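Observations on the model geometry
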Amino acid sequence: MPGPEKTRLIIVDDVADTRESIRRMLQFEPAIEVIGSARSGREAIDLAVQSRPDVVLMDINMPDIDGITATETIRRQSPFTQVVMLSVQSDASYMRRAMLAGARDFLPKPPVLDELVSAILRAGQMAREERAKAAETAALTGGVTGPLPGMNGQSGQVIVVYSPKGGAGTTTLATNLAVSLHSKEQRAVIVDASLQYGDVSVFLNEQAKNTIYDLALRAEELDPDVVRSVMVTHQPTGLHILACPPRPESAVEVRGEHFARILEFLRQAYTYIVVDTSPFLSEPVQVALDQANLIVLVTTQEIAAIKSTSQFLNLTDDSDIAREQILLVMNKHDRKIAITPEKVGENLRQPVSAVIPADERQVITSINRGVPFVLDPKPSPVARAVKELADLVRDRVTAASAEAA
Ligand SMILES: Nc1ncnc2c1ncn2[C@@H]1O[C@H](COP(=O)(O)OP(=O)(O)O)[C@@H](O)[C@H]1O
Ligand SMILES: [Mg+2]
């Protein structure tokens, strides 16, 4: 019978004595196997990529690449590998930087045997869990995430769903709209540009292994293989999802210019690029709005939402965005509330083009199940309204692109 899986470890330190003494400390630990050691950040990266250890014990100060930078690179290239930092500095800013780089744990130098062993075993356990999760996702998606449509030089339509007011239903509408627009012939992708706390993959009940963060890092060298490798496939429909970064602090790494390149690339591969956004006008959200063929602007019957929508329209009036590029939608509509779509349209000098009824039970259940309501076998009034919205969006962008041609 095979024993419990050993934690495979790499020791990284520029001082030979330190490497040796740690190796000696661990030589009688049955659950830990030291598979190699490295003298610098660069060596550590090469070795980690080659041997895919469970855990790296990492010194901070080293010649060439320091431990924090090496940690970041290793975590990116071998995502399940966990890093335990070893340092004489117990400085909070160091720790913070190391944590942001993806370090799992911290130990003082020189380490105490018990602490060292338990930190390595904990990290090893985590590595095995993450590896198993990744294998599961790969099995689900058959290793690849489905075909990326031919790069046939088509000019896909960017449809940005936006609301200046959080909670108006932007993500609800974006996900249901993307699912409605997608077909085998006219493929759609949904891009989660709500970069910090995006929830598109939650709404669609899929787990993202790779995200837009991985594309941003390679924005200069995008090709179909790279893009295919980061796309998540919505299993029930085949819709592609470009998920938001796994951690909120990575959001700032996705810059406006990255986002512009990504959108440009996706236009060549998909018929519809649906972008979910956050109210905050981050660089990427601004880029998305600037590049949009159509902005689906979501408001509700609340005064605060209408006020913010009015402010947003003033902003677009001052930019190159034409009113024809905006499709105003009233979500969560309740006939008992006196603020009617007509009044809102007059007030904003922009007609409400679609009204989606409020149906809390239906919508929340759909979000919690991770099944977009437009997929329900018996379409409810909300589902019918969103399907009509999808038809309207399709007509609008088709007409606009025909006119442009
Ligand atoms: N048509 C609707 N009727 C009832 N509740 C809705 C409707 N659309 C969205 N909601 C609810 O509003 C909340 C916020 O939705 P969400 O799509 O996350 O908004 P946003 O992305 O704009 O922050 C969710 O709890 C959702 O269930
Ligand atoms: Mg949202």
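Since we're looking at a predicted model, the values are computed, not measured. Numbering of residues begins from 1 in every chain and follows the order in which that chain's sequence is written. All chains are assigned letters beginning at A, and all ligands numbers beginning at 1, according to the order in which they are written. Note on the predicted model: pLDDT of at least 70 is required for a residue's local features to be given, and 80 or more for side-chain atom pairs to be given and counted; whole-chain, interface and lining totals, by contrast, use all residues. Based on all heavy atoms of the structure, the side-chain values leave hydrogens and waters out of the count.

**Here's the deal with the site of ligand 1**
Our working definition: Nearness of a residue to a molecule or strand requires only that one of the residue's heavy atoms be within 4 Å of it. Two N or O atoms count as a polar contact when they lie within 3.5 Å, although within protein this holds only if one can serve as hydrogen donor and the other as acceptor, and sequence-adjacent residues are included solely when both atoms are side-chain atoms. Only the protein chains shown count as covering a residue, and every accessible area follows the Shrake-Rupley method with a 1.4 Å probe. Residues are called lining when one of their atoms sits within 4 Å of a cavity or pocket point, these points coming from a 1 Å grid over the protein atoms alone, where a cavity is a set in which a 1.4 Å probe fits but cannot get out and a pocket is an open set with protein on both sides within 12 Å along at least five of seven lines. Any molecule with more than half of its atoms within 2 Å of a cavity's or pocket's grid points is regarded as sitting in that cavity or pocket. Runs of H or I in DSSP of at least four residues are treated as helices and runs of E of at least two as strands, each being numbered from the N terminus. The residue classification treats Ala, Val, Leu, Ile, Met, Phe, Trp, Tyr, Cys and Pro as nonpolar and Asp, Glu, Lys and Arg as charged. All others, Gly included, are polar.
Near ligand 1 you find 18 residues, and of these Gly167, Thr170, Thr171, Thr172 and Asp359 are the closest. Residue Lys332 places a side-chain N or O atom 2.9 Å away from an oxygen atom belonging to ligand 1. The backbone of Asp359 places a nitrogen or oxygen atom 2.9 Å from a nitrogen atom of ligand 1. Taking 560 Å² as the accessible area of ligand 1 by itself, protein coverage stands at 81%. Judged by the fraction of its atoms near the pocket grid, ligand 1 is located in the second largest pocket. Looking at the shell around ligand 1, the elements that each hand over two or more residues are helix H6 (170-181), strand S12 (326-333) and helix H14 (360-369). For the shell around ligand 1, the leading source of residues is H14, giving 4 residues. Taken together, the residues of the shell around ligand 1 break down into 8 nonpolar, 7 polar and 3 charged.

**What about the domain arrangement of the chain?**
Rules: Each domain's extent is set by a domain assignment, obtained either automatically or from a database. By the convention used here, residues are in contact when the closest approach between their heavy atoms is within 4.5 Å. Accessible area, probed at 1.4 Å, shrinks when two parts are joined; the buried area is that loss added up over both. Whenever a carboxyl oxygen of Asp or Glu lies within 4 Å of a side-chain nitrogen of Lys or Arg, that contact is scored as a salt bridge.
According to the domain assignment, the chain consists of domain 1 (7-140) and domain 2 (157-404). A straight line from the C-alpha centre of domain 1 to that of domain 2 covers 40 Å. Contacts between the two partners involve 9 residues from domain 1 and, on the opposite side, 7 residues from domain 2. Both faces combined, the contact of domain 1 with domain 2 buries some 640 Å², and carbon together with sulfur accounts for 52% of it. The tally of links from domain 1 across to domain 2 stands at 0 salt bridges. For the pair domain 1 and domain 2, the number of links is 1 residue pair in polar contact (both at pLDDT 80 or more). Those elements giving two or more residues to the side of domain 1 that touches domain 2 turn out to be helix H3 (67-77), helix H4 (92-101) and helix H5 (113-140). Element by element, the count of residues in the side of domain 1 that touches domain 2 is highest for H5, at 4 residues. Residue composition of the side of domain 1 that touches domain 2, grouped by class: 4 nonpolar, 2 polar and 3 charged.

**Thoughts on H4**
Quick reminder of the rule: Using a 1.4 Å probe on the protein chains alone, a residue whose accessible area is under 20% of its type maximum counts as buried, one over 50% counts as exposed, and one in between counts as partly exposed. Summarising the geometry, the arc corresponds to the directions from the helix axis toward the C-beta atoms.
Taken residue by residue, H4 has Tyr94, Ala98 and Ala101 as its buried positions. What you see down the axis of H4 is that its buried residues fit within an arc of 60°, all on one side. In H4, the exposed positions angled more than 90 degrees off the buried face are occupied by Ala92 and Arg96. Against H3, strand S4 (82-87) and strand S5 (103-108) lie the buried residues of H4. Note on H4: the residue one or two positions beyond its end, Gly102, has a positive phi of about 110°.

**As for empty space enclosed by the protein**
So the rule is basically this: Grid points are joined across faces, edges and corners, and a volume is the space filled by probe spheres set on the points.
This model, assessed by the stated rule, comprises 1 cavity of 30 Å³ or more. Its boundaries defined by the atoms lining it, the largest cavity holds a volume of some 40 Å³. Contributing to the lining of the largest cavity are Thr172, Thr175, Asn176, Phe203, Leu204, Ser366, Ile367, Pro372 and Phe373. If one sorts the elements of the lining of the largest cavity by residue count, H6 sits on top with 3 residues.

**Comments concerning the packing of aromatic side chains**
Our working rule: Only Phe, Tyr and Trp rings are paired, with Trp represented by its six-membered ring, and only when their centres lie within 6.5 Å; those with planes under 30 degrees apart are stacked, over 60 edge-to-face, the remainder tilted. Here, a charge over a ring is recorded when the distance from Lys NZ or Arg CZ to the ring centre is within 6 Å and its angle to the ring normal is within 35 degrees.
A complete count under the given rule lists 1 aromatic pair for this structure. Between Arg131 and the ring centre of Phe80, over which it is positioned, the NZ or CZ distance is 5.2 Å.

**With respect to the sheet that holds S5**
Heads up, the condition is: Strands are treated as partners if at least two bridges between them are detected by DSSP. Where helices are involved, their axes are fitted lines through C-alpha atoms of the stretch in contact, as for all axes, and angles between N-to-C directions lie from 0 to 180°.
Spatially, 5 strands are ordered S2-S1-S3-S4-S5 in an open sheet, and the strand pairing comes out parallel. Each having just a single partner strand, strand S2 (32-38) and S5 make up the two edges of the open sheet. The sheet shows a mean angle of 25° between the axes of neighbouring strands, direction not considered. Inspection of the sheet shows strand S1 (residues 7-12) paired to S2 by 6 bridges, in the parallel sense. Bridged to Leu9 within S2 is Val34. Contacts from helix H2 (residues 41-51) reach S1 and S2, with the element oriented near 135° to S2. In the packing of H3 onto the sheet, the strands contacted are strand S3 (55-59), S4 and S5, and the crossing angle to S4 comes to about 175°.

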